[in-house]
Amino acid sequence: MSLYDDAVRVLKEYEGPDAQQDELRGVYLEHLAAHPDGMYKPCGAGHVTGSALVVDPVGGRVLLTLHKKLGIWLQMGGHCEPGDTTLAGAAMREAVEESGIAAGLTLVEGGPVRLDRHPIPAPCNWHLDVQYAVLAPAGAEAEISDESLDLRWFPYAEVAAVADTSVVRLLEATRARLGA
């Protein structure tokens with residue numbers, strides 16, 4: 001199965017918690033149907049990305065990266081690469097690369113937690129982000145990568161003060177999935 005096929009399957013199976021998420025799922029599927037290259041950065045109409053919110057439920061904290069180009073605190077994530085075979089794998093790869101936590105990360109079961117479509121500068125225009133959640137082992141220590149200006153653990157209660165609403169919604173959906 002190709003990454004494209006996996007993305008279509010994942011999106012068809014995704015059950016959003018509300019009408020807005022269901023509508024976004026339709027937008028993503030329409031995009032992929034119209035753009036067979038829609039998984040990768042060169043697609044000028046936009047492309048699917050995979051991201052992962054790294055959480056430490058025992059410590060009640062979330063790991064965020066200060067994005068090098070945007071200068072805002074975000075979850076780990078980015079572009080799909082030719083070697084990726086699944087969206088979940090792409091999100092996990094990004095989580096490991098950007099968090100520096102080489103061992104012990106585990107994907108939260110149940111598939112994507114949220115979808116988030118956001119504009120980016122031309123020529124790409126849109127990121128169609130498929131957002132997962134990843135559990136970090138208790139006490140995990142992160143190591144900053146070249147892709148970040150900073151990397152920091154934030155208590156759940158502080159996320160709204162440092163991150164945009166898309167990250168806050170992702171954290172809320174992740175905590176709901178975890179029953180926390």
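Cut-offs applied
Residues numbered from 1 in each chain as written. Predicted model: local features only at pLDDT ≥ 70, side-chain atom pairs only at ≥ 80, totals over all residues. Heavy atoms only, no water. Helix = DSSP H or I, 4+ residues; strand = E, 2+ residues; numbered from the N terminus. Contact = heavy atoms within 4.5 Å. Areas by Shrake-Rupley, 256 points an atom, 1.4 Å probe, with all protein chains shown as cover. Lys, Arg positive; Asp, Glu negative; His and termini not counted. Charge placed at Lys NZ, Arg CZ, Asp CG, Glu CD. 1 Å grid on protein atoms, 1.4 Å probe; cavity = no way out; pocket = protein on both sides within 12 Å on 5 of 7 lines; lining within 4 Å. Points joined across faces, edges and corners; volume = space filled by probe spheres on them. Nonpolar A, V, L, I, M, F, W, Y, C, P; charged D, E, K, R; others polar. Salt bridge = Lys/Arg side-chain N within 4 Å of Asp/Glu carboxyl O. Buried < 20%, exposed > 50% of the residue type's maximum accessible area, 1.4 Å probe, protein only. Polar contact = N/O pair within 3.5 Å; in protein donor to acceptor, adjacent residues only side chain to side chain. Pairing = 2+ DSSP bridges. Expected span 1.5 Å × (residues − 1).

## Quick notes on the overall build of the chain
So, step 1. In terms of helices and strands, the chain carries five helices and eight strands.
So, step 2. Sequence-ordered secondary structure for the chain, helices as α and strands as β, is α-α-β-β-β-β-α-β-β-β-β-α-α.
So, step 3. Projected onto its principal axes, the C-alpha positions of the chain cover 45 × 35 × 30 Å.
So, step 4. Contacts in the chain between residues at least 24 apart in sequence constitute 66% of all its contacts with a sequence separation of at least 6.
So, step 5. Accessible surface computed for the chain: about 8700 Å², of which carbon and sulfur atoms make up 54%.
So, step 6. The positive charge centre, built from 14 side chains, and the negative charge centre, built from 26, are 3 Å apart in the chain.

## Let's talk about the environment of Asp-56
So, step 1. Take Asp-56: it is sitting in strand E1 (residues 47–56).
So, step 2. As for Asp-56 and Val-134, which are separated by 78 residues in sequence, their C-alpha atoms are 8.7 Å apart.
So, step 3. Contacts of Asp-56, omitting those with residues within four sequence positions, involve Arg-61, Ala-136, Pro-137, Ala-138, Gly-139, Trp-153 and Tyr-156.

## Describing the layout of surface pockets
So, step 1. Volume-wise, the largest pocket comes out at about 920 Å³.
So, step 2. Taken together, 33 residues form the lining of the largest pocket, with His-67, Leu-70, His-79, Ile-120 and His-127 sitting closest to its centre.
So, step 3. Elements that contribute at least two residues to the lining of the largest pocket include exactly E1, strand E2 (61–67), strand E4 (76–79), helix H3 (87–99), strand E6 (114–119) and strand E7 (126–135).
So, step 4. For the lining of the largest pocket, the class distribution of residues is nine nonpolar, 13 polar and 11 charged.
So, step 5. There is about 220 Å³ of room inside the second largest pocket.
So, step 6. Taken together, Arg-9, Val-10, Glu-13, Tyr-14, Glu-15, Pro-17, Gly-110, Gly-111, Pro-112, Val-113, Ala-173 and Arg-177 make up the lining of the second largest pocket.
So, step 7. Only helix H1 (3–13) and helix H5 (165–178) provide two or more residues apiece to the lining of the second largest pocket.

## Describing the pattern of salt bridges
So, step 1. Counting across every chain of the model gives eight salt bridges.
So, step 2. Its salt-bridge partner being Arg-93, residue Glu-81 comes within 3.3 Å of it at the nearest N-O pair. Here the residue Glu-81 occupies a position in the loop between E4 and H3, and Arg-93 occupies one in helix H3, the gap between them amounting to 12 residues.
So, step 3. Since its relative accessible area comes to 36%, Glu-81 is described here as partly exposed.
So, step 4. A salt bridge links Asp-84 to Arg-93, with the nearest nitrogen and oxygen atoms 2.8 Å apart.
So, step 5. Relative accessible area serves as the criterion here: at 9%, Asp-84 is assigned to the buried category.

## Observations concerning the side chain of Glu-98
So, step 1. Mapped onto the secondary structure, Glu-98 falls in helix H3.
So, step 2. Of the polar contacts made by the side chain of Glu-98, one reaches the backbone nitrogen of Gly-77; its length is 3.2 Å.
So, step 3. Residues in contact with Glu-98, not counting those within four places in the same chain, are Thr-65, Gln-75, Met-76, Gly-77, Glu-143, Ser-145, Glu-147 and Leu-151.

## Let's talk about the pairing of E1
Two faces, one strand: in a regular strand the side chains alternate between the faces of the sheet.
So, step 1. The buried count for E1 comes to 10 of 10 residues, which makes it a mostly enclosed element.
So, step 2. Of the two faces of E1, the one carrying His-47, Thr-49, Ser-51, Leu-53 and Val-55 and the one carrying Val-48, Gly-50, Ala-52, Val-54 and Asp-56 are both buried.
So, step 3. Direction of pairing for E1 relative to E7: parallel, over a ladder of nine bridges. For His-47, the partnering residue across the bridge sits in E7 and is His-127.

## Overview of H3
So, step 1. Over its 13 residues, H3 extends 18 Å from the first C-alpha to the last, a length consistent with the 18 Å expected when each residue adds 1.5 Å.
So, step 2. Turning to H3, its buried residues number three or more, namely Leu-87, Ala-88, Ala-90, Ala-91, Met-92, Arg-93, Glu-94, Ala-95, Glu-98 and Ser-99.
So, step 3. One side-chain oxygen at the N-terminal end of H3 lies 2.8 Å from the backbone nitrogen of Gly-89; it belongs to Thr-86.
So, step 4. At the C-terminal side of H3, Gly-100 shows a positive phi close to 75°.

## Quick look at the environment of Glu-141
So, step 1. Relative to the helices and strands, Glu-141 resides in the loop between E7 and strand E8 (148–155).
So, step 2. We classify Glu-141 as exposed; its relative accessible area is 70%.
So, step 3. Each C-alpha atom of the pair Glu-141 and Pro-17 lies 32 Å from the other, and the pair is 124 residues apart in sequence.

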